[in-house]
Amino acid sequence: MSIFKQYKMIGLMTGTSMDGLDICVSKIKFFLKSINVKVIKVGYVEFPKKIKLNIENSLSLKKEDIKTCHKSLGEFMAKETHQFIKKNKISNIDGVGMHGQTIEHISGVKSLQIGDPKYLLNKLNVPIISNFRNLDIKNGGTGAPLVPFLDKILFQEEKNAVLCLNIGGISNITFLPSLESNGNIIGFDTGPGMSLIDEASKIFFNKKFDKNGTLSINGKPNLELVENWMKNKFITSSYPKSTGRKEFGLTWLKRQMSVLKKLDKKDILPTLASFTSSSIFYNCKNFTNYDKIKKIIISGGGIYNTAIMSNLKNKFKNILIYRSENFGIDSDSKEALCFALLGAAFLNNTPSNIPSVTGAKKSVVLGEILK
Ligand SMILES: Nc1ncnc2c1ncn2[C@@H]1O[C@H](COP(=O)(O)OP(=O)(O)O)[C@@H](O)[C@H]1O
Ligand SMILES: [Mg+2]
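Thresholds applied
Residues numbered from 1 in each chain as written. Chains lettered and ligands numbered in written order. Predicted model: local features only at pLDDT ≥ 70, side-chain atom pairs only at ≥ 80, totals over all residues. Heavy atoms only, no water. Axes fitted to C-alpha atoms, helices over the stretch in contact; angles between N-to-C directions. Helix = DSSP H or I, 4+ residues; strand = E, 2+ residues; numbered from the N terminus. Left-handed = near helix turned anticlockwise from the far one by under 90°. Contact = heavy atoms within 4.5 Å. Nonpolar A, V, L, I, M, F, W, Y, C, P; charged D, E, K, R; others polar. Buried < 20%, exposed > 50% of the residue type's maximum accessible area, 1.4 Å probe, protein only. Lys, Arg positive; Asp, Glu negative; His and termini not counted. Salt bridge = Lys/Arg side-chain N within 4 Å of Asp/Glu carboxyl O. Polar contact = N/O pair within 3.5 Å; in protein donor to acceptor, adjacent residues only side chain to side chain. Domains from an automatic or database assignment. Buried area = accessible area lost by both parts, 1.4 Å probe. Pairing = 2+ DSSP bridges.

This part takes up the packing of helix α1 (residues 49–58) against helix α2 (residues 63–87). With their axes 8 Å apart at the nearest point, α1 and α2 run at an angle of 145° to one another. The handedness of the crossing between α1 and α2 is left-handed. Together, Ile-51, Asn-54, Ile-55, Asn-57 and Ser-58 of α1 and Asp-65, Ile-66, Thr-68, Cys-69, Ser-72, Leu-73 and Phe-76 of α2 make up the contact between the two elements. Here the residues of the contact of α1 with α2 are counted per class, giving 6 nonpolar, 5 polar and 1 charged.

Written out as structure tokens, the structure reads:
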């Protein structure tokens with residue numbers, strides 16, 4: 001086997017659901033022509049109420065609120081990561097790749113993640129790599145998604161095309177053409193994931209989220225309404241595109257309040273689950289090389305919503321559907337693994353954006369280091 005360099009990295013991710021911190025410790029090996037990723041340990045810490053509130057406040061983009069959240073979230077990540085590696089007796093870490101909490105993302109213009117990395121540096125005393133999106137944007141890219149770089153390493157196959165789908169707050173896909181076809185990798189956000197179901201669970205059922213999708217499956221979706229929502233410009237436009245809770249979050253839900261209130265209460269979440277599933281399917285069918293797809297590998301919290309999973313099975317007929325666990329990758333921490341990989345790629349001086357995905361002029365080494 002050709003020479004390699006290896007890094008033991010921690011990846012940290014806090015996604016658009018604003019539910020908590022995903023941690024992934026992994027070993028990343030760089031060979032001359034390939035990269036190998038091996039997960040060592042994964043973990044999750046739910047945000048305490050105060051941190052969640054700080055994040056919600058910072059979305060207003062007021063300077064004071066951002067400052068408060070940058071500090072408290074940075075401290076939280078440092079404390080929890082330190083405890084996690086102590087508890088699991090993990091040593092000899094080479095670095096941390098931290099994504100931070102996105103509070104503003106304007107595709108191709110700017111992307112702001114907060115959570116001050118200096119607290120991690122103080123606690124762990126290893127290089128902290130963050131701000132992964134900026135250099136892609138500076139090179140003419142959208143700055144998102146970055147996960148296709150990991151998907152390619154984990155799941156691309158010689159003969160068959162594979163579709164990776166992550167259902168977090170927002171849903172995003174990676175289309176991996178077969179290696180032998182030499183085609184372009186495609187990746188973009190398809191629209192809502194769990195964000196609308198989460199918001200509606202709070203408003204209509206006083207629940208943080210719809211555990212196991214019980215409320216999303218015990219009712220009937222109003223398909224006329226879904227068809228209407230599907231006219232949304234973001235959903236029907238082709239890539240490159242990325243979105244967030246600003247577009248598919250509480251504001252969207254409030255705009256639909258009068259029509260939602262006319263529905264039988266038990267049909268509200270099934271209708272939203274149908275919207276999430278339909279927007280995923282529409283985008284795959286129209287903007288990827290759909291006929292070539294042989295399997296779909298799903299990750300993210302959406303896999304626990306039985307209504308969404310069952311809708312997807314019905315829509316993607318004749319395509320095998322798997323969870324990433326089927327391939328040894330914990331679906332909750334796949335994105336944290338991605339930032340461990342991007343952190344290692346930085347240390348190894350390996351370019352990590354995929355221009356066919358983000359539209360960047362060239363592939364560059366992403367991230368900024370604090371050491
Ligand atoms: N047991 C579960 N049952 C149903 N939904 C779940 C469950 N666990 C997580 N989820 C959903 O997944 C979301 C979190 O998914 P996640 O992949 O962490 O998203 P993000 O990357 O946006 O943080 C939760 O907000 C919730 O909607
Ligand atoms: Mg999350």
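Picking up after the structure, the text goes on.
To continue, consider the side chain of Lys-241. With respect to the secondary-structure elements, Lys-241 resides in the loop between α9 (233–236) and α10 (250–255). The buried charged residue Lys-241 lacks any salt bridge, with Glu-247 as its nearest oppositely charged partner at 9.2 Å. A polar contact is formed between the side chain of Lys-241 and the backbone oxygen of Phe-234, at a distance of 2.8 Å.

This brings us to the domain arrangement of the chain. Domain assignment breaks the chain into domain 1 (5–145 + 333–370) and domain 2 (148–318). Its C-alpha centre places domain 1 at a distance of 24 Å from the equivalent point of domain 2. Each partner contributes to the interface: domain 1 provides 23 residues, whereas domain 2 provides 25 residues. Here domain 1 packs against domain 2, burying approximately 2,100 Å² in sum over the two surfaces, 64% of which is carbon and sulfur. It is Thr-16, Pro-145 and Lys-334 that lose the most area in domain 1 upon contact with domain 2, and together they represent 28% of the buried surface on that side. For the pair domain 1 and domain 2, the number of links is 2 salt bridges. A salt bridge links Asp-151 to Lys-334; the nearest nitrogen and oxygen atoms lie 2.7 Å apart.

Take the sheet that holds strand β10 (residues 186–192) next. By definition, the strands of a sheet pair up through backbone hydrogen bonds, in either a parallel or an antiparallel sense. In space, the 5 strands of this open sheet follow the order β10-β9-β8-β11-β12, with mixed pairing throughout. Both outer strands of the open sheet, β10 and β12 (320–323), are each paired with one neighbouring strand and no more. Each strand of the sheet is rotated relative to its neighbour by a mean of 20°, with strand direction disregarded. When strand β8 (residues 161–167) meets strand β11 (residues 293–299), the two strands line up parallel, connected through 6 bridges. Looking at β11, one finds that Leu-165 is bridged to Ile-298. Against the sheet, helix α13 (residues 306–315) engages β8, β11 and β12, with an angle of about 155° to β8.

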